[in-house]
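Close look at the chain arrangement
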Amino acid sequence: MRPETKAYNFDWMLWRTLDLACNAMTGTEKELKIVMRHIPYFKDILDVFLAYGEPGKIFLKLVYEYMDNIMTAHEKGKKICGTTFCFSPAILYAMDTVPVTLELVTVLINSLWKRGIGEFSDFCYEAGLTETSCSSQRGALGAYLAGLGETFDFIVADTPGVCDTNANAFAFASAYLNKPAFALTFPDRLTGDDVDNYHQKDYRRMIDFLEEQTGNRLDTDRLREVLQEIKKQDEILAELEELQRAVPSPLPVTYNFFIYAGRFFFAGKPLLTELLLSMRDIAVTNMQEERCGLPSGKENTRALFCYIDHYTTNLALWSWLEERGITHMGNILSRFWADNTPYNQNRSNAYNIDSTNLDTMIDSLAAQNSRMPMVKSIRGPYDAPGMWLEDTLSLAQMYRADCIIYSGTPGCRNTWGMVKLLARDTEEAGFPTHIMYSDSFDERVESWEATSARLDEFFAVRGLL
Amino acid sequence: MTEIFIEASKKIYNSSVEQWTKDGKPVVGYTCSHLPAEVLHAAGVLPLRLRGMEVSGLEIGDSYFGPFICTMPRCLLQMAGTGKFDFLEGAIVTPGCDSMRRLDECWRKAGKDMEGTLPSFFAYFDVPHKETDYAHDWFKKEVLSLAGLLKKHFVTEDIIGKLPASIELYNHSRKLIKELQQFRKKNDCRITGYDALAVSVASTSMPREVFNSELEKLLSKLKNAAPVKEKGKPRLLVTGSATDDIQIIGLMEDSGALVAAEKICFGHFKTIGTIEGNSLESVAAAYLDGTECPRMFGKYEERRDSILALIEESDIDGVILQNIRFCDLHGSDNGLLEADLRKKGIPSLRIEREYGPLVERERLKMRIDAFIESIRGNLS
Amino acid sequence: MSITAGCDVGSLTAKAVIMEKGRILASAVIRSRARPEEASREVMDLALKEAALSINELEGITRTGYGRGRMPFEGKEISEITCHGRGARWLLPSVKTLIDIGGQDCKAIKLKSDGSIDRFITNDKCASGTGRFLDVMAKVLGVPVEDLATCSERADHPVTFSSSCAVWAQADVIRLLNEGHGVDDIGAGINNAMAARVAVLLNSIGLDGDICITGGVAKNLGVAKALETQLGCRVKKIRKADPQLAGAIGAALLAEERLK
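What comes next is a walk through the structure. What you see is a predicted model, and the numbers here were worked out from it, not measured in a lab. Here the residue numbers are simple positions, counted from 1 along each chain's written sequence. Here chains are named by letter from A upward and ligands by number from 1 upward, in the order in which they appear as written. Two thresholds apply to this predicted model, a pLDDT of at least 70 for residue-level local features and 80 or more for giving and counting side-chain atom pairs, whereas whole-chain, interface and lining totals are computed over all residues. Only hydrogens and water are removed before side-chain values are computed, so all heavy atoms of the structure are retained for them.

This part takes up the packing of helix α10 (residues 193-214) of chain A against helix α15 (residues 358-369) of chain A. All names here are of chain A. The geometry of α10 relative to α15 is characterised by a closest axis approach of 9 Å and an angle of 105° between their N-to-C directions. As far as their axial angle goes, α15 and α10 are roughly perpendicular. Across from H199, Q200, Y203, R204 and I207 in α10, the residues of α15 making contact are D359, I362, D363, L365, A366 and N369. Following the grouping adopted for this structure description, the nonpolar residues are Ala, Val, Leu, Ile, Met, Phe, Trp, Tyr, Cys and Pro, the charged ones are Asp, Glu, Lys and Arg, and the polar ones are all others, Gly among them. Each residue belonging to the contact of α10 with α15 can be placed in one class, and the counts come to 5 nonpolar, 3 polar and 3 charged. As a rule, the C-alpha atoms of each element are fitted with a line to give its axis, helices using only the stretch in contact, and angles between N-to-C directions run from 0 to 180 degrees. Only runs of H or I of at least four residues qualify as helices and only runs of E of at least two qualify as strands under DSSP, and these elements are numbered from the N terminus. An angle below 35 degrees is treated as roughly parallel, one above 145 as roughly antiparallel, one from 65 to 115 as roughly perpendicular, and anything else as oblique. Here a residue-residue contact requires only that any non-hydrogen atoms of the pair lie within 4.5 Å.

Structure below.
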């Protein structure tokens, strides 16, 4: 790591940058121009957020508050939990604990740092973590392993049985940093009384761990508050997901990112509800006025991303999609499988929130967590019921996708164990399918120029544009 | 005296397996040491750990798997696709790791494309990633369910009735394998690492009755065998990813070392002692308890301490921490181990390799040579 | 008289050094052949000719490099890591940590106080961080590989390479040229990308004491300077002899030590 990279804690720098960005939003135009001169590498992304109006501003505020919570946690007497995006932070908020979600922070580093995650990721290798491990954790994890961030008090993951490389990163962090860790684990199936039983017992065991680590007892009223907020958020999400089915889609491309990132950052928090409402209102207006969510107003084609998006170089994927009139039908990260979602054909695949008493609430969270992105659809064979293929095809059909794009990382063993099979099946089902061999978080693997050139080629050759 | 073990470790359809099939008895392959082989044995089936050292290409494996994945499942699929697993009547895939568990779907797909590639009995056997009470309950159910599937497919009447004898047989194997370690002591080592690993691998590749009988003969011969030449040879422990390739051990020993112990999942990785009890439940409990595999979350310290104990009891001079490329579990575990071993002043070498016939010989040899040269100075 | 030789056959170059009492009498470097027997014979003959000696007058030979098992003359085989460590200590007595950037791999080595190997780590994944990376990039850039170093001296705005992969980075070089970036700026970027990859290996092994580079790439000052920036500390230059000969020098010295 270069000496200058170690001069300041990286999370402090992210926090100050986001603070500046939020202030810029509320300043005068002149003040904004001055600010833009001082953030040459974040300028383009700030422009994007500001261009999205109210939702963009709320989202920036949400991200700032997330970092602010991390930076002020210890001084407020709260504990910090290192965790993964596959784990719903709702329980942590209910127990007054601050999450640091590695994958989200990795995306933030890529967005706000000229050199992206490279140096931090390399530090993981220096520390002993294999460099074939998924880059989504390695970006932020490297910074924390190097002691350049707020210290974790403990670690919670929920990926053994779902994603080895993810689980392994947290197991490594626990051993390296000498911090206690707990992992929720999952059977290879999603539904069934025995499966529910497993989820519920495991979740309760995790709560015991959280109570021990935080010194806080799980408070029924607090939990009810969080769950009722989630229920509200699920209702708004269901509306957004329904609106997205319209042709043309009234949802701007970046709304997908706002949805899942918002959910990973702030599930159960009122600010997320505000964000979702703001997006919903704009989408409804677009729908009523028969307006496409793209800036050009013209939808040329609809793409379903069957895994994740691409997060390097100014989050360039979104502008790339917009410039070509491609609407984004969502990805594996933007589906949460509440019982009111339009895409949920099989009710047993869903979770519902029952806030009758503490037991029902814990069971609801256990069910919700077991249906988090990846946790739901990657835990078993790709073609098993409720798993990756079924989810991808049903979404592609329901949302009338014109094509399916796989974007991921070389570190994803699940992907590379089955993506060719998935692509064969989706092609056979009539959906042109493109596999990206880039790394969604680390542009050193394949430059954005090369990645976008291949995407352009796919869309051109398959007659999609 | 180890020819039969060497043959079994090099050839999956070796003479004892061939004889088994000629006797009209079924063979079922499996992918992970967490599968309770006793249950298959009680069903009258030969449990055979699937291995891929006999491939000569990877075009079939690479057609189904993507590029950034461990070579082990790719080699297994290649074996299946080229007919080298045609003698199997069944296969059971276990989520030992993400790469290996996707062999399930890749093999099924290959089975649709190439008739005869998929055995008639094909099952997925789930193993939890922790050892809590409810994980044990889950695993017991899986084992019971497996027994049910075997009974149905192989028309076996009395798995439960035959299980005690199978447990006893496998307990005896474990006792014999432990005894073998007694012949690897410093300054009185009667068997090379090459031969010792061949025995471990052969235990997964032969009918258990034949294996036990042959190992008893070997142990009897070893009592009077002359020690192997040890002077000037550093004693090594090999740990890391699944290794059934005795040639790698041979390479280390040809380079001037003596491999005195292994901690890998062919043979010595699992520390199942004697299984007490005669039921499916006791088998399930024994297989889940005490597993040291890095797929089990949060067991690094246990694994490390177990390796340190083995280093001490086997008088180890250096540790080879090897992993198959893209094996994230062992790849990272080795990073932690290297640091912890260094704190204890124990030299180690991390090497990354591909699974399959040893084609990277020179690259590995250079590193192993350098390591042996560096620790030899410590021995004088 | 105790004249010994070391012969180091690598994937890109073959080297031979003849020494007497710790002093170099002769040396030679040639491009490797597909057959190490031919390369080793040729390079050894060149060195012997320069020293005006016959092979029978050598009292000991050490064979090293990937081709060490197939040389057509007697000698003890020792790994290139051990030889490089020994050679580096001779080239720079204060060295504790060295990086050997060869044609097909890259090795970070830490030495004990007596010059023997404490620990080492190698780059096993791909060509990134090896001499091959520079070879390939230089070819696409249209610059002799030995001139890449001067690119860094002349560059005004070195480009930052997005990709460190030797395959994808070629496409990036072409793109950058077509976008109008100068050859020097691109060449400097290549050197920086190389240094970044190498720095990771060095940091993995832990920096300790004086650091130096051996192998052919040591002569690329662009990479050396970029490495200093990455590491935040000085990388000492080897001036005593050609750093590319480190392995062969170490081999010859080890042969001499065996005589004692």
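Moving on from the coordinates now.
Next up on the list: the sheet that holds strand β6 (residues 326-328) of chain A. Residues and elements named next belong to chain A. Ordered by their spatial adjacency, 4 strands build an open sheet running β6-β5-β7-β8, and the pairing between neighbours is parallel. Every other strand in the sheet has two partners, leaving β6 and β8 (433-435) as the edge strands with one partner each. Strand-to-strand twist across the sheet, computed as the mean angle between neighbouring axes with direction ignored, equals 30°. With 3 bridges connecting them, strand β7 (residues 403-406) and β8 associate as parallel partners. In the sheet register, I404 faces β8, and the bridge partner there is T433. The criterion for strand pairing is that DSSP finds at least two bridges linking the strands in question.

Another aspect to go through is the environment of I78 of chain C. Locating I78 of chain C in the fold gives a position in the loop between β5 (76-77) and α2 (80-91). For I78 of chain C and A251 of chain C, which are 173 residues apart along the polypeptide, the C-alpha to C-alpha distance reads 7.5 Å. Ignoring anything within four residues of it in the chain, the contact list for I78 of chain C reads E373 of chain B together with T62, R63, T64, R68, C83, L254 and R258 of chain C.

Counting from both sides, the interface comprises 19 residues of chain C and, opposite them, 16 residues of chain B. The buried area of a pairing is the accessible area, by a 1.4 Å probe, that goes missing from both parts when the two are put together, added over both. Interface of chain C and chain B: buried area, both sides summed, is about 1,400 Å²; carbon and sulfur atoms make up 45% of it. Here a salt bridge means any side-chain nitrogen of Lys or Arg lying within 4 Å of a carboxyl oxygen belonging to Asp or Glu. On the surface where chain C and chain B come into contact, there are 3 salt bridges. Across the salt bridge formed by D105 of chain C and R367 of chain B, the nearest N and O atoms sit 3.4 Å from each other. Throughout this description, a polar contact denotes any pair of N or O atoms lying within 3.5 Å of each other; where both atoms belong to protein, one of them has to be capable of donating a hydrogen while the other can accept it, and for residues adjacent in sequence the pair is counted only when both atoms sit in side chains. Counting the contacts that link chain C with chain B gives 6 residue pairs in polar contact (both at pLDDT 80 or more). Secondary structure elements with two or more residues in the side of chain C that touches chain B: α2 and β8 (117-122) of chain C. Split by residue class, the side of chain C that touches chain B holds 5 nonpolar, 4 polar and 10 charged.

Opposite the 49 residues of chain A that make contact, chain B presents 43 residues. For the pair chain A and chain B, the summed buried surface comes to about 4,000 Å²; carbon and sulfur atoms form 56% of the total. Run the count over chain A and chain B and you get 7 salt bridges. Those elements that provide at least two residues to the side of chain A that touches chain B are α9 (164-177), β4 (181-183), α10 and α17 (413-428) of chain A. The element best represented in the side of chain A that touches chain B is α17 of chain A, accounting for 9 residues. Among the residues forming the side of chain A that touches chain B, the class breakdown is 24 nonpolar, 12 polar and 13 charged.

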